[in-house]
Amino acid sequence: MKTKWIVNSNHSEALIRMKHSIIAYLDGTFNNFQGYADFNNNEIENATITFSLDFKNKKSRLEQFGNYLKLNSFFDINQFPTISFKSTSFQKVNKNIHFIKGDLTIKNITKTVELDVAPIENNYFYDEKKRAFELTASINKKDFGLSSHSQQSNNRTTKGEDFKIVANVEFNI
């Protein structure tokens, strides 16, 4: 039996992680996660996901981790306050390996990226069915015009070529 599950933005979040001290949690409650996944006999058949992460949202958990100034400098948040992703295709390799491709936009530069899709939980809470997936991607900083600034170089926050985006996305029927 085929069922369509919708993204629950209130229980979805993203993490941006770079080597050497930048970790930022961007809660879905204050950001925009949308999409759906079709399941047939407990297996994903199709998925489409979009999200937009707003760095300037003061209700996010950025400042608790002391990373707002580092992220502001690195991503130029004052001029480009959001990161967005819109899926363009879904690929199922086998029961446990899935990929979702899409357009990622950072600093008004859009590139096609591939995110790994891994199931992280199936939960039935008060008769409400929920499924969660972790989407992960390593993003080359140079592809989006992200470079070292002197403050970051002194703090060693921009070592390495890549940064990671990890999104935990919850679906409900």
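Scroll up a little and you will see the structure.
Residues numbered from 1 in each chain as written. Predicted model: local features only at pLDDT ≥ 70, side-chain atom pairs only at ≥ 80, totals over all residues. Heavy atoms only, no water.

1. Topic: the overall build of the chain
Selection rule: Secondary structure elements follow DSSP: runs of H or I no shorter than four residues count as helices, runs of E no shorter than two count as strands, and numbering proceeds from the N terminus. Think of it in three bands: residues with accessible area under 20% of the maximum for their type are buried, residues over 50% are exposed, and the middle band is partly exposed, with areas taken using a 1.4 Å probe on protein chains only. Whether two residues are in contact is decided by their heavy atoms, any of which lying within 4.5 Å being enough. The accessible surface values rely on the Shrake-Rupley method and a 1.4 Å probe; as for residues, cover is taken only from the protein chains in view.
Of the regular secondary structure elements, the chain holds two helices and nine strands. In sequence order, the secondary structure elements of the chain are arranged as β-β-β-β-α-β-β-β-β-α-β. Taken over 173 residues, the chain has a buried fraction of 42%. A sequence separation of at least 24 residues applies to 57% of the contacts in the chain between residues at least 6 apart. Surface summary for the chain: the accessible area is close to 9,200 Å², and the carbon and sulfur share equals 44%.

2. Brief notes about the packing of aromatic side chains
Quick note on the threshold: Two aromatic rings, drawn from Phe, Tyr or Trp (for Trp, its six-membered ring), form a pair once their centres lie within 6.5 Å of each other, and the interplanar angle then sorts them: stacked below 30 degrees, edge-to-face above 60, tilted otherwise.
Under the counting rule described, the total for this entry stands at five aromatic pairs. Judged by centre distance (5.4 Å) and plane angle (25°), the rings of Phe-51 and Phe-85 are stacked. Of this pair, Phe-51 sits in strand β4 (residues 43-54) while Phe-85 sits in strand β5 (residues 82-92), and the two are 34 residues apart along the sequence. Like Phe-51, the residue Phe-85 is buried in the burial classification.

3. Topic: the environment of Ser-9
Relative to the elements of secondary structure, Ser-9 occurs in strand β1 (residues 2-18). Judged by relative accessible area, which is 18%, Ser-9 ranks as buried. Sequence spacing of Ser-9 and Asn-31 is 22 residues, and the spatial spacing of their C-alpha atoms is 7.7 Å.

4. Some remarks on the nonpolar core
For the record, the criterion: Definition of nonpolar core: a set of buried residues of the types Ala, Val, Leu, Ile, Met, Phe, Trp, Tyr and Cys, connected through side-chain atoms within 4.5 Å.
Of all hydrophobic cores here, the largest spans 37 residues; its most connected members are Phe-75, Leu-104 and Phe-163. Excluding residues within four positions of it along the chain, Phe-75 makes contact with Ile-16, Met-18, Phe-55, Phe-80, Ile-83, Ile-106, Lys-107, Leu-146 and Phe-163.

5. Remarks on the pairing of strand β3 (residues 32-40)
Stated precisely, the cut-off is as follows: Here, a strand pair is defined by DSSP locating no fewer than two bridges between the strands.
In the sheet, β1 pairs with β3 via five bridges, with the strands oriented antiparallel. From the neighbouring strand, Ile-6 faces β3, where its bridge partner is Tyr-36. As judged from the nine bridges shared by β3 and β4, these two strands associate in the antiparallel manner. By the bridge assignment for β4, Asp-38 is matched with Asn-46. Between β3 and β4, which pair antiparallel one after the other, the connecting turn spans two residues, and Asn-41 there sits at a positive phi close to 50°.

6. Here we look at unusual backbone geometry
Phi is positive for Lys-107, which is not a glycine, with a value near 55°. As for its placement among the helices and strands, Lys-107 is situated in the loop between β6 (98-106) and β7 (109-125). Here the phi dihedral of Asn-108 falls at roughly 60°; this positive angle occurs in a residue that is not glycine. For Asn-108, the location among the structural elements is in the loop between β6 and β7. On the basis of relative accessibility, which here comes to 63%, the residue Asn-108 falls in the exposed class.

7. Some words on the pattern of salt bridges
For the record, the criterion: The salt bridge criterion pairs a side-chain nitrogen of Lys or Arg with a carboxyl oxygen of Asp or Glu, the two atoms within 4 Å.
Taken as a whole, this structure holds three salt bridges when the rule is applied. The residue Glu-114 makes a salt bridge to Lys-101 at a minimum N-O spacing of 4.0 Å. Of this pair, Glu-114 sits in strand β7 while Lys-101 sits in strand β6; the two residues are 13 residues apart in sequence, bridging distant segments of the chain. Accessibility expressed as a relative area gives 35% for Lys-101, which makes it partly exposed. The closest approach of N and O atoms between Lys-130 and Glu-170, which form a salt bridge, is 3.9 Å. With a gap of 40 residues between them, Lys-130 in strand β8 (residues 128-140) and Glu-170 in strand β9 (residues 162-172) connect regions that are remote in the sequence. Glu-170 carries the same exposure label as Lys-130, and that label is buried.

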